[in-house]
Amino acid sequence: MGFSLSEDKGGTGTTLLLIDVQNDFHPGGSLAIEAANADADRITQLIRSSRSKINHIVATLDSHHRLDIAHSGFWVSGDGDEIQHPDPFTIISSEDVASGKWRPHRHVKIINSNAADENNSVHLDPTIFDNYQQVVNTKGEIDPSKYALQYTKQLEKNGCFQLCIWPEHCLIGGPGHNIVKSVWDAMQEWSLYSGGQIHYVYKGQHPLTEMFSALRAEVPVSKSTSFDQTLFDKLKQSDRILVAGQALSHCVNYTMRDMVDSSTPEERSKICLLRDCSSSVPGFEAASDEFLQYLEKNGVATCKAEDVFEMI
């Protein structure tokens, strides 16, 4: 069954899913993708030219604290005056953690928690994190070094990633966190025209785990980082879902994988990646190529933004 815009089938119409269209992923940002401005121009044009055909806009926002497990300041090596932080794009393996090559900064403190304490950002829920008993010391406290070891082991066990240190990006409240202005302006115009409210989805704000997918963290550690069934069900109600944003190699990739892996073949036929509205983080183009092959294998369509509403 191929992707089609020919008719609504009793759902909620067309949803435009915008993934992390934020300043820090565009030229001038801390994790810039050279082609992202052109992608944003096409997204802007699509919203403005097709505002009567778009029924819903869902916009995800990568959202980080400065002290984050994938940021340099979380980690140190050496002692005394010789302390160093890892450079951006350093890979930290579980072997590196076990050997003491890299360890969490002494300022990192992790709180024993459950869903009732979800507002505490640096917490670990023993009902969610699989290896909880292995990170507790003899006093019943969570040992950050033991957690770091279990986290990196779990990442590697999952088979997708080793821990990569990213340039600090999308810091909550900072200018890099904002949606690119041209796209944001078009979104507001759509809201005024349609009467629709934009659904914003924040992801990545838990500092103890990475969250490339908008639906779940790579290693769930709390209720908020577990699979977001509410968001998934909202998306499934659509007759069609158009996906755009950054980056093709990472957050678009893993958000769509979670959508596809949790969908029936009929539900997959509703999804279309706007191929000219998403680009790779430099150096990760091979991940994007593999992702596009995955979409084709699973019957998920790709098309250009200018063509998508010509498929009616």
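As the structure is a prediction and not an experimental result, all values here were calculated from the model.

A word on the environment of Ser226
Turning to its location among the elements, Ser226 is positioned in the loop between strand 9 (199-203) and helix 5 (229-236). Separated by 10 residues in sequence, Ser226 and Arg216 place their C-alpha atoms 5.1 Å apart. With near-sequence residues (within four places) excluded, Ser226 lies in contact with Ile128, Leu215, Arg216 and Pro220.

Re the sheet that holds strand 1 (residues 14-19)
Strand order in the open sheet formed by 6 strands is 9-2-1-10-11-12, with parallel pairing between adjacent strands. With partners counted over all chains shown, the strands left at the sheet margins are strand 9 and strand 12 (301-303), one partner each. Across this sheet, the average inter-strand angle for adjacent strands is 25 degrees, counted without regard to direction. Summarising the sheet, strand 1 and strand 2 (residues 56-62) pair through 5 bridges and their orientation is parallel. When the sheet's bridge partners are listed, Ile19 is paired in strand 2 with Thr60.

Overview of the pairing of strand 1
Extensive coverage of strand 1 is indicated by the burial of 6 of its 6 residues. Along strand 1, one buried face is formed by Thr14, Leu16 and Leu18 and the opposite face, lined by Thr15, Leu17 and Ile19, is buried too. The pairing of strand 1 with strand 10 (residues 240-245) spans 6 bridges and is parallel. What sits directly across from Thr15, in strand 10, is Ile241. Remark: the strand 1/helix 1 (residues 36-49)/strand 2 crossover connection has right-handed handedness.

As for helix 4 (residues 181-194)
Between its terminal C-alpha atoms helix 4 stretches 20 Å, which fits the 20 Å expected from 14 residues at 1.5 Å a residue. Taken together, the buried positions of helix 4 are occupied by Val183, Ala186, Met187, Trp190 and Ser191. When helix 4 is viewed along its axis, its buried side chains cluster within an angular range of 145 degrees and face the same direction. Opposite the buried face of helix 4, by more than 90 degrees, sit the exposed residues Lys181 and Leu192. Residues of helix 4 that are buried in the fold lie against strand 1, helix 1, strand 2 and strand 9. Count one or two residues on from helix 4 and you reach Gly195, which has phi positive near 80 degrees.

As for the nonpolar core
Among the nonpolar cores identified, the biggest contains 58 residues, and Trp75, Leu124, Tyr147 and Met256 are the most heavily contacted of them. Secondary structure elements with two or more residues in this core: strand 1, helix 3 (144-158), strand 8 (163-164), helix 5, strand 10, helix 6 (251-261), strand 11 (271-274) and helix 8 (285-297). Broken down by element, this core gets its largest block of residues, 6 residues, from helix 6. Core analysis: the second largest hydrophobic core is formed by 28 residues, Leu18, Ile47, Met187 and Val308 among them.

Describing the packing of helix 6 against helix 8
Close contact between helix 6 and helix 8 brings their axes to 11 Å; oriented N to C, the two are set at 20 degrees. Relative to helix 8, helix 6 is oriented roughly parallel. Note that helix 6 runs across helix 8; the crossing there is left-handed. Of helix 8, the residues touching helix 6 (which contributes Val252, Asn253, Met256, Arg257, Val260 and Asp261) are Ala287, Glu290, Phe291, Tyr294 and Leu295.

Things to note about unusual backbone geometry
Each neighbour pair has its own omega, and for Gln246 with Ala247 the value is -10 degrees, a cis peptide bond. Among the secondary structure elements, Ala247 is positioned in the loop between strand 10 and helix 6. With phi around 50 degrees, Asp20 is a residue other than glycine that occupies positive phi space. Looking at the secondary structure, you find Asp20 in the loop between strand 1 and helix 1. Accessibility expressed as a relative area gives 0% for Asp20, which makes it buried. Here Cys170, not a glycine, exhibits a phi torsion of approximately 50 degrees, which is positive. Here Cys170 is to be found in the loop between strand 8 and helix 4.

What counts as what
- Residues numbered from 1 in each chain as written.
- Predicted model: local features only at pLDDT ≥ 70, side-chain atom pairs only at ≥ 80, totals over all residues.
- Heavy atoms only, no water.
- Helix = DSSP H or I, 4+ residues; strand = E, 2+ residues; numbered from the N terminus.
- Contact = heavy atoms within 4.5 Å.
- Pairing = 2+ DSSP bridges.
- Axes fitted to C-alpha atoms, helices over the stretch in contact; angles between N-to-C directions.
- Buried < 20%, exposed > 50% of the residue type's maximum accessible area, 1.4 Å probe, protein only.
- Right-handed = clockwise from strand over helix to strand, strands pointing away.
- Expected span 1.5 Å × (residues − 1).
- Arc of directions from axis to C-beta.
- Core = buried A, V, L, I, M, F, W, Y, C linked by side-chain atoms within 4.5 Å.
- Parallel < 35°, antiparallel > 145°, perpendicular 65-115°, else oblique.
- Left-handed = near helix turned anticlockwise from the far one by under 90°.

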